[in-house]
Amino acid sequence: MKKFTALLSAALLSALLVACGGGGGGSSDSSGATGVSSSSSSSSSSSSSSSGSSSSSSSSSSSSGGTAAVTIHMVGDSTMTTYAADRRPQMGWGERIGLHFNSNVTIKNWAAGGRSSRSFYYESAMWPTAKAAILPGDYVIIQFGHNDQKYGPDDATTPSADTSTGPYSKYGTYAVCSDPAITDGEACTGGSDVVDTAAAKDEHSYYQFLKRYVAEVRAKGATPILMTPMVRREMASGAITIAGAHDYSATKKGAEANPRGNYPAAMKSVATKYDVPLIDITAETKALVEIFGSDAAAASLYVAGDSTHPQIMFAALIAKKASDGMKADSRLGALSSYMIAAPSTLADAYPVAFGPVTVGASSSKTTAIAAFDLSPAIGNLNVSAPANFQISTDNATWSQSLDVAYTGGAVTKVLYARFAPTAEQTYSGAFNVALAGSAVASVTVTGNGTAAITDYANWFAAGSGTSAIVTGRLNGSAANAVGLTAATAPDAVAWAVNGQSVAVQRYIVDTWIANDPAKYVEFTTTPTAALNITSFSMYFASYGGSNLRADMAYSLNADFSSPVTLNATTPLTSAKEILTQAKYSVASIPLAAGATIYVRVFPWQKTATGATKGIALYNVTVGGIGQ
């Protein structure tokens, strides 16, 4: 039976899930990982040191096909880079590309978090170091875009340096040119950049920097390969938005006078002009994310609370799309001779850990299965679960075993896993995958049955939008903003909790200067069994200024009569754009099955401001235990 690559990964939709990687869901990525190289065939849980230098390693144990030594260099950002084991399940797709090449190919992954085509080009440990290592006959994969779109001050620690046009001297570029009259990237040279008047126009042109990389790679006797950036999980009506696909032709960044343009289109123009092989990863990842949908993509493709960085499964799928694209390009025929059928890596997938669940209750997770290079080309993969665990295709009908049909030798399918303990004990086993009756891979699954565990309803975390994420015996309605308007301007703030990037929900708070009972965000939760509510918490911050004030309160009445203010008599405050946790443990509040508790956050400003300031909320949580 032909070997294949399949990955099964899961993400717990719980109130306590913490983001696992850098770079928030905004317009930039700023991972703490730096450009390193490690074996792309290593286990997904293997550790790689983070440094500014690159070390080489073989990519596969197979030596079929091409026999001369070949090196593939990778330059890009945090979506491509190599991460240490403590960052799992975050993974750059460059960590998986070596699986598709034989042992005569060495992967050198120079990609680094937070870099744009401009900043990578000038930073001494990045392009100058990588270029010096390129030899004749090598290949260089080039993928930038996320951080080229950065808006705001170069140094996030000094936001006062920002101006109405958003300085971008270190990172930012326009897709073609900051001068809107110039639509041909070849003409974006000389003169002064519209935003950074101290620089020439080509110093902030994505097109021009890609052109530089291509020319300098070829001058080394190597072959450049352009790859457009993977999409962000920014969706509307089930589809990736144009901004999520890096097209800012119709929208502006912050207060800038002109739209930044279409970055993938600019890269394609360079590829056409200079006859460079190009793989449209933007289109490929757009199709993948739309197959999953927003919630499942948040659970299984992107790291928690992050709409930018891939998890293990997504990294493998992107690498597969990249290798397929290279194999299909006749100009890369010499490189394709080194390509091999990818070995099975399902056992490397991150374990599915449910944690504690109350006996008699259940907890489910969004899961996915992806496989390629399957033989025969048409058939069924069977996925089976151990006792007390089940699998489903619709999150409604559960079974111990199900078949996943595939055609064309590949499949990508959203699944759901459920844990239902019947005793107070630790459970462990594996989800097993078989093809034509033969076991091909498995993923460890664990959970703990417990007599009493806190159940949670949670909002504004794990990419859930306004919807509630619930565990155990709590249900929750979508967050409801009353008298408040959600902010729609691009968010340039690198929001973080405990050093991990997160995505927030923002609301405008402008002219009122006291707690207004008609202006709030409401969160409601209803237990399916009698519970005692014991905790409330949220992360909040002032954005655009530092005058924000807020109260957090709850009531057992739909009209919010007889409320209890959790922060007592002192309004909540935070430093500008620094997420601060408000956390309250309370004496048990009995809540019968079917009853509802109402929680409201009332924001205001210390002094009247304009409609560019407001409140940012993340991980609003209500917790309770069984009676």
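This text goes with the structure placed above it.
Right, let's walk through the structure included here. (Residues numbered from 1 in each chain as written. Predicted model: local features only at pLDDT ≥ 70, side-chain atom pairs only at ≥ 80, totals over all residues. Heavy atoms only, no water.)

**Looking at the overall build of the protein**
Counting secondary structure elements, the protein contains eight helices and 33 strands. Going through the 627 residues of the protein one by one, you find that 56% of them count as buried. Counting only contacts in the protein whose residues sit at least 6 apart along the sequence, the fraction spanning at least 24 positions is 75%. On the protein, roughly 22200 Å² of surface is accessible, and the fraction owed to carbon and sulfur atoms is 51%. (Helix = DSSP H or I, 4+ residues; strand = E, 2+ residues; numbered from the N terminus. Buried < 20%, exposed > 50% of the residue type's maximum accessible area, 1.4 Å probe, protein only. Contact = heavy atoms within 4.5 Å. Areas by Shrake-Rupley, 256 points an atom, 1.4 Å probe, with all protein chains shown as cover.)

**Thoughts on the pattern of salt bridges**
Applying the stated rule across the entire model yields 20 salt bridges. For Arg331, the salt bridge goes to Asp275, with nearest N and O atoms at 2.6 Å. One end of the pair, Arg331, is in the loop between helix H7 (312-328) and helix H8 (333-336); the other, Asp275, is in the loop between helix H4 (263-273) and strand E10 (278-279), and 56 residues separate them in sequence. Among the residues examined, Arg331 registers a relative accessible area of 42% and is labelled partly exposed. Measuring nitrogen to oxygen at the nearest pair gives 3.9 Å for the salt bridge that ties Lys519 to Asp516. The structure contains a network of salt bridges with shared partners spanning Arg118, Asp202, Glu203 and Arg212. (Salt bridge = Lys/Arg side-chain N within 4 Å of Asp/Glu carboxyl O.)

**Notes on the side chain of Ser537**
By the secondary structure assignment, Ser537 is in strand E28 (residues 531-543). A residue is classified by how much of its surface remains accessible, and Ser537, at 11% relative accessible area, is buried. Non-local contacts of Ser537, meaning those with residues more than four positions away in its chain, are made with Met552, Gln581, Ala582, Lys583, Asn619, Val620 and Thr621.

**A word on the pairing of strand E29 (residues 548-555)**
Across the eight residues of E29, eight count as buried, placing the element largely inside the fold. Alternating positions in E29 separate into two faces, Leu548, Ala550, Met552 and Tyr554 on one and Arg549, Asp551, Ala553 and Ser555 on the other, with burial throughout. Examined bridge by bridge, E29 and strand E32 (residues 597-605) share eight bridges and lie antiparallel to one another. Looking at the pairing, Ser555 lines up with Tyr598 of E32. Bridge count between E29 and strand E30 (residues 564-565): two bridges; the pairing is antiparallel. Looking at the pairing, Ala553 lines up with Thr565 of E30. (Pairing = 2+ DSSP bridges.)

**What to know about the side chain of Asp510**
Residue position: Asp510 is located in the loop between strand E26 (505-508) and strand E27 (520-527). Side chain to side chain, Asp510 and Thr511 meet in a polar contact 3.5 Å long. (Polar contact = N/O pair within 3.5 Å; in protein donor to acceptor, adjacent residues only side chain to side chain.)

**Topic: the sheet that holds strand E13 (residues 379-384)**
Pairing between the strands of a sheet is mediated by backbone hydrogen bonds and can be parallel or antiparallel. If you trace the five strands from one edge of the open sheet to the other, you get E11-E18-E17-E13-E15, paired in mixed fashion. Of all strands in the sheet, those bounded by a partner on one side alone are strand E11 (352-358) and strand E15 (401-406). Adjacent strand axes in the sheet meet at a mean angle of 20°, parallel and antiparallel pairs treated alike. For E13 and E15, the ladder comprises six bridges, and the chain directions are antiparallel. Paired with Asn382 across the two strands is Asp403, which belongs to E15. (Axes fitted to C-alpha atoms, helices over the stretch in contact; angles between N-to-C directions.)

**Notes on the state of the cysteines**
Structurally, a disulfide amounts to a covalent bond that connects the sulfur atoms of two cysteines. Inspection of the entire model under this criterion finds one disulfide. Disulfide pairing is shown between Cys177 and Cys188; the S-S distance is 2.2 Å. With the S-S bond torsion at 75°, the cross-link from Cys177 to Cys188 turns out right-handed. Of this pair, Cys177 sits in the loop between strand E4 (139-143) and helix H3 (206-219) while Cys188 sits in the loop between E4 and H3, and the two are eleven residues apart along the sequence. Here Cys177 and Cys188 have matching classes, each one buried. (Disulfide = S-S within 2.5 Å.)

**Focus: the nonpolar core**
The biggest cluster of nonpolar side chains holds 48 residues, and the ones touching the most others in it are Trp93 and Met326. Here the element with the most residues in this core is H7; it accounts for nine residues. Discounting chain neighbours no more than four positions away, the residues touching Trp93 are Met74, Thr79, Met80, Ile141, Gln143, Met227, Ala315, Ile318, Ala319 and Ala322. (Core = buried A, V, L, I, M, F, W, Y, C linked by side-chain atoms within 4.5 Å.)

**What to know about the sheet that holds strand E3 (residues 105-109)**
Spatially, the five strands line up as an open sheet ordered E3-E2-E4-E5-E10, and their pairing is parallel. The two strands at the open ends of the sheet, each matched to only one other strand, are E3 and E10. Here five bridges tie strand E2 (residues 70-76) to E3, and the two strands are oriented parallel to one another. In the sheet register, Met74 faces E3, and the bridge partner there is Asn109.

**Quick look at the packing of H3 against H4**
Two elements in contact, H3 and H4, have axes whose closest approach is 9 Å; the angle formed by their N-to-C orientations is 40°. When the axis of H3 is compared with that of H4, the two are oblique. In this structure, the crossing between H3 and H4 has a hand that is right-handed. Contact with H3, carried on its side by Tyr206, Tyr207, Leu210, Lys211 and Val214, involves Tyr263, Ala266, Met267, Ser269, Val270 and Lys273 of H4 and no other residues of that element. Here the residues of the contact of H3 with H4 are counted per class, giving eight nonpolar, one polar and two charged. (Parallel < 35°, antiparallel > 145°, perpendicular 65-115°, else oblique. Left-handed = near helix turned anticlockwise from the far one by under 90°. Nonpolar A, V, L, I, M, F, W, Y, C, P; charged D, E, K, R; others polar.)

**Topic: unusual backbone geometry**
Backbone torsion omega between Arg88 and Pro89 reads 15°, so that peptide bond is classified as cis. Secondary-structure assignment places Pro89 in the loop between E2 and E3. Ser375 connects to Pro376 through a cis peptide bond whose omega is 5°. Although it is not a glycine, Ala568 sits at a positive phi angle of roughly 55°. Relative to the elements of secondary structure, Ala568 occurs in the loop between E30 and strand E31 (580-591).

**Details of H7**
Because each turn of an α-helix spans 3.6 residues, side chains separated by three or four positions in sequence point in the same direction. For H7, built from 17 residues, the straight-helix expectation of 24 Å at 1.5 Å per residue is met to within 8% by its first-to-last C-alpha distance of 25 Å. With respect to burial, H7 is a largely interior element, twelve of its 17 residues being buried. (Expected span 1.5 Å × (residues − 1).)

**Examining the packing of helix H5 (residues 281-292) against H7**
It is at 10 Å that the axes of H5 and H7 come closest, and there the two elements cross at 140°. With respect to each other, H5 and H7 are oriented oblique. Here the hand of the crossing between H5 and H7 comes out right-handed. Residues Ile281, Glu284, Thr285, Leu288, Val289 and Phe292 of H5 form the contact with H7, whose participating residues are Met313, Phe314, Leu317, Ile318, Lys321 and Ala322. The residue inventory of the contact of H5 with H7, partitioned by class, reads nine nonpolar, one polar and two charged.

**Description of the environment of Val289**
Structurally, Val289 can be placed in helix H5. Counting along the chain gives 51 residues from Val289 to Gly238, while the straight-line C-alpha distance between them is 9.2 Å.

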